[in-house]
Every structure is written in structure tokens, then in C-alpha cells.
Amino acid sequence: MSDAPSGGSPAPAATFLTETGYPDSPTLASGLLDVGDGHHLYWEVAGNPSGIPVVFLHGGPGAGFSTVHRRFFDPARYRIILFDQRGSGRSRPYASIAHNTTAHLVADLEILRCHLGVDRWLLFGGSWGSTLALAYGQAHPERVLGFVLRGVFLCQQHEIDWFLTGMGKFHPESYQQFLAALPPVERGDLLTAYYHRLSHQDPRIHGPAAYAWASHEDACARLHSQPHAGPPPAAFDGQRGPLPFLAIARLEAHYMVHRGFMAEGALLAGLGRINHLPCIILQGRHDLVCPPETAWAVHQGWPGSTLTIIPDAGHSALEPGIRWGLLHATAIMAERIQPGHGMTP
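Since this is a predicted model, take the numbers as computed values, not measurements.

Colleague: Is there a simple way to explain the pattern of salt bridges in this structure?
Modeller: Oppositely charged side chains can pair when the atoms bearing their charge come close. Inspection of the entire model under this criterion finds 11 salt bridges. Taking the shortest distance from any N to any O, the salt bridge between Arg70 and Asp24 comes out at 3.3 Å. With a gap of 46 residues between them, Arg70 in the loop between strand 3 (52–57) and strand 4 (78–83) and Asp24 in the segment before strand 1 (27–36) connect regions that are remote in the sequence. The class for Arg70 is buried, based on a relative accessible area of 5%. Looking at Asp24, the relative accessible area reads 40%, which means it is partly exposed.

Below, the structure is given as C-alpha cells:
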């Protein structure tokens, strides 16, 4: 893939919202960026090449991005940057946990920023994407215009414990399948057992584990959940289906086992490095994957931030209440960021 513009023209002077967000805009440039350690990151740029730079940080880690994520941003006002983190989506190698830590992902963002010639950018991240946004912001506050965060996750021990055992109390049918993917002798330490299976190279071992992990999370991610997926198809290798099962499950377990490669509570302790910057937080009241207490803790440690709890939403960014809240947030940020990409008082 070429790093050169693909022939797309700048976005029109005015855009309009539909029920699914702003209209999509053509890809202006894309490429595979060598960030070292054998990793190559897939990236795309869309929207207005002279607009406010915003980088979309996907969740998981491991979920990757899709074209629907461009639609959170007005293509007339934003230069929209999306990329797949190490091991995710179209980045290579797929589902790799080698040389894959929070510090690597923060460094990758700096490499991408310099590669694209961005001075400062707005960080937009949900779930794990909010973790990465805060980690990058605290490492490079001088490169950040502001934050739009959703479904905040800080990789603290109690959040990991909740993910593994708590949210299953609300989806017992899915949780039963999550447990059933492990033999009874391995169920005393779910995270360690899953991590060993998911990091195994044999698809007969990692495939069913990936399916069970990612299916359980997906079942808990929306207020109005989809029917549970049931057992995996025969000989499932973890790479087929509507979700990137293997990348999501393997990378999430990898980061949880290592507690996000951060000291406990580090991101809360480091808020003083970034709390002079604007931050808008959106949180579903009924978010089972990342419960609201974490977003509340960030808001309490960030006096200038705004927190909106959406009463009729869970975790997914594509639920109507969350989606509209995020669209409103990017519109507010576009008004606050000046043409020279500074912030209004």
C-alpha cells in the first residue's frame, strides 16, 4: 500500500448528520508503517487534509478499526487518522503478543504522528482506547489537543476481576459457555488458564478459547444484547466470523495478565500531567464491561473534565445514546480548537 494520497478530494465545506453519524469520506492516504520489532501498522487518513488532526484509538486491545469509526467526525473539520494497533486488524503480524506492551503502543503513536507530520492531535478512545489515550497523553502532553473518552478502562486489578467474573452475573448463559471452554481443573484461575490457551500456537487449543472469550464479551457489551453465539463451529481456528476473535481474546488476556504493563493506579496518579487539557467523557450507565465507577474516578481527578452518563446505554460506542454523545463531543471539540489547532480559553 502506498503512503501517497489516493486521489480523494478534500471534504465539502458543509456536512450533515444522519442517524448513523457523519457521511463517510474517501480515504486520502493509507499505508503500512514499520515501527520496529517486526511489526507493521496499517493506517488510514480521511476527511479534510487541512482539518483538526484526530486519532481514533480502538478498543480491545485487538479489536481494530473499521470505516464506521470515521463517522464520529465531521469530515469537513477533521483530519481523521485511524490505525490498527500491534497485532490488530490489518497490522502485521496478526494477533502477535511479541514486543506488544503499553510502552510499545505509546511509542508507535509517536512514530505515526511524526510520519504523518502532525504537531498536536485530539485523542479519541473508548474502552482500551481510553487507556491508551491516557497513557500516551501522560507521556506526551505537549502533543495533545484534548481527549474524548468513552467507557473508561484503566487496567486496574478490580476492573480485570470484574471482567472475568462480575459481568457474567448479568449474562449467566454466556458466562456458562465462557467457563465451559476450560476443563474444570483450570477454572480456579480463569485469566492464567485462558492466557496459556490463547497464546498456544495450535488452533485446536487457541481457537475455542478465543471464541468463548470474545463471544462472552460481545454478549455483555450492549444494553440490548444479541442472542448468545453458542458453541464454536467445528475446527474453529479463532480467525473466522463477525469478530476478530483471536486478536481480541489473545491481546486482551495478554494485557490483563500483565496488568496493562503499568503500576496499579498509575493512570489515575498521572492525571496531573494532563488535567490542564480539555476532556469529554461519555459513559453508559449500564456498561457491564467497563462499569461507570472508573469514568467517575477519572472525572473526579480531572476538575475541568465533563462526564455525561448515558442512562439507556451499555458499553458499545454504536448504541444510539453513546453514538450521539460522541458526535456531540467531537462537535464541541471542533468549536474549541482554533484554526491553528490551539485551544480557545
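Colleague: Could you clarify how one ought to interpret the side chain of Glu44 in this entry?
Modeller: Following the sequence through the fold, Glu44 ends up in strand 2 (residues 39–47). Looking at Glu44, its side chain comes within polar contact range of the side chain of Tyr42, at 2.4 Å.

Colleague: Explain the packing of aromatic side chains to me, please; I cannot follow it from the model alone.
Modeller: Each aromatic ring pair is characterised by the separation of its centres together with the angle its planes make. For the structure on display, the rule yields 17 aromatic pairs. Judged by centre distance (5.3 Å) and plane angle (80°), the ring pair of Phe147 and Trp302 falls under edge-to-face. Of this pair, Phe147 sits in strand 6 (residues 144–150) while Trp302 sits in the loop between helix 9 (292–300) and strand 8 (306–310), placing them 155 residues apart in sequence. One exposure class covers both Phe147 and Trp302, and it is buried. Geometrically, the ring pair formed by Tyr255 and Phe261 is edge-to-face, given 5.3 Å between the ring centres and 80° between the ring planes. We classify Tyr255 as buried; its relative accessible area is 1%.

Colleague: Mind showing me how you'd approach the side chain of His254 here?
Modeller: Structurally, His254 is set in helix 7 (residues 245–257). The exposure class assigned to His254 is buried, which follows from its relative accessible area of 5%. Ignoring sequence-local partners within four residues, the contact set of His254 consists of Ile97, Asn100, Tyr195 and Phe261.

Colleague: Whenever I open this one, the sheet that holds strand 4 confuses me. Can you help?
Modeller: What holds strands together in a sheet is hydrogen bonding between their backbones, with the strands either parallel or antiparallel. Strand order in the open sheet made by the 8 strands is 1-2-4-3-5-6-7-8, with mixed pairing throughout. At either margin of the open sheet sits one strand with a lone partner, and together these are strand 1 and strand 8. Within the sheet, the average angular offset between the axes of one strand and its neighbour, ignoring direction, is 20°. Note: strand 3 against strand 4, 5 bridges, orientation parallel. For Val54, the partnering residue across the bridge sits in strand 4 and is Ile80. Helix-sheet contacts for helix 10 (residues 320–336) involve strand 3, strand 4, strand 5 (121–126), strand 6, strand 7 (279–284) and strand 8, and the interaxial angle to strand 7 is about 175°.

Conventions and cut-offs
- Position labels on residues start from 1 in each chain and follow its written sequence.
- Local features in this predicted model are restricted to residues of pLDDT 70 or higher, and side-chain atom pairs are both shown and tallied only at a pLDDT of 80 or more, whereas totals for entire chains, interfaces and linings draw on every residue.
- Note: side-chain values were computed over all heavy atoms of the structure, leaving out hydrogens and water.
- For this analysis, a salt bridge means a side-chain nitrogen from Lys or Arg found within 4 Å of a carboxyl oxygen belonging to Asp or Glu.
- In this description a helix means any DSSP run of H or I spanning at least four residues, a strand means any run of E spanning at least two, and both kinds are numbered starting from the N terminus.
- Remark: exposure states derive from per-residue accessible area (1.4 Å probe, protein chains only) relative to the maximum for the residue type, with buried under 20%, exposed over 50%, and partly exposed in between.
- Whenever two N or O atoms come within 3.5 Å, that pair is a polar contact, provided that in protein one can donate a hydrogen and the other can accept it, and provided that, for residues adjacent in sequence, both atoms are side-chain atoms.
- Aromatic rings from Phe, Tyr and Trp, taking only the six-membered ring of Trp, are treated as a pair when their centres fall within 6.5 Å; an angle between ring planes under 30 degrees marks them as stacked, one over 60 as edge-to-face, and anything in between as tilted.
- We call two residues in contact when some of their heavy atoms are within 4.5 Å.
- When DSSP finds at least two bridges between two strands, those strands are taken to pair.
- Angles shown run from 0 to 180 degrees and are taken between the N-to-C directions of axes, each axis being a line fitted to C-alpha atoms and, for helices, limited to the stretch in contact.

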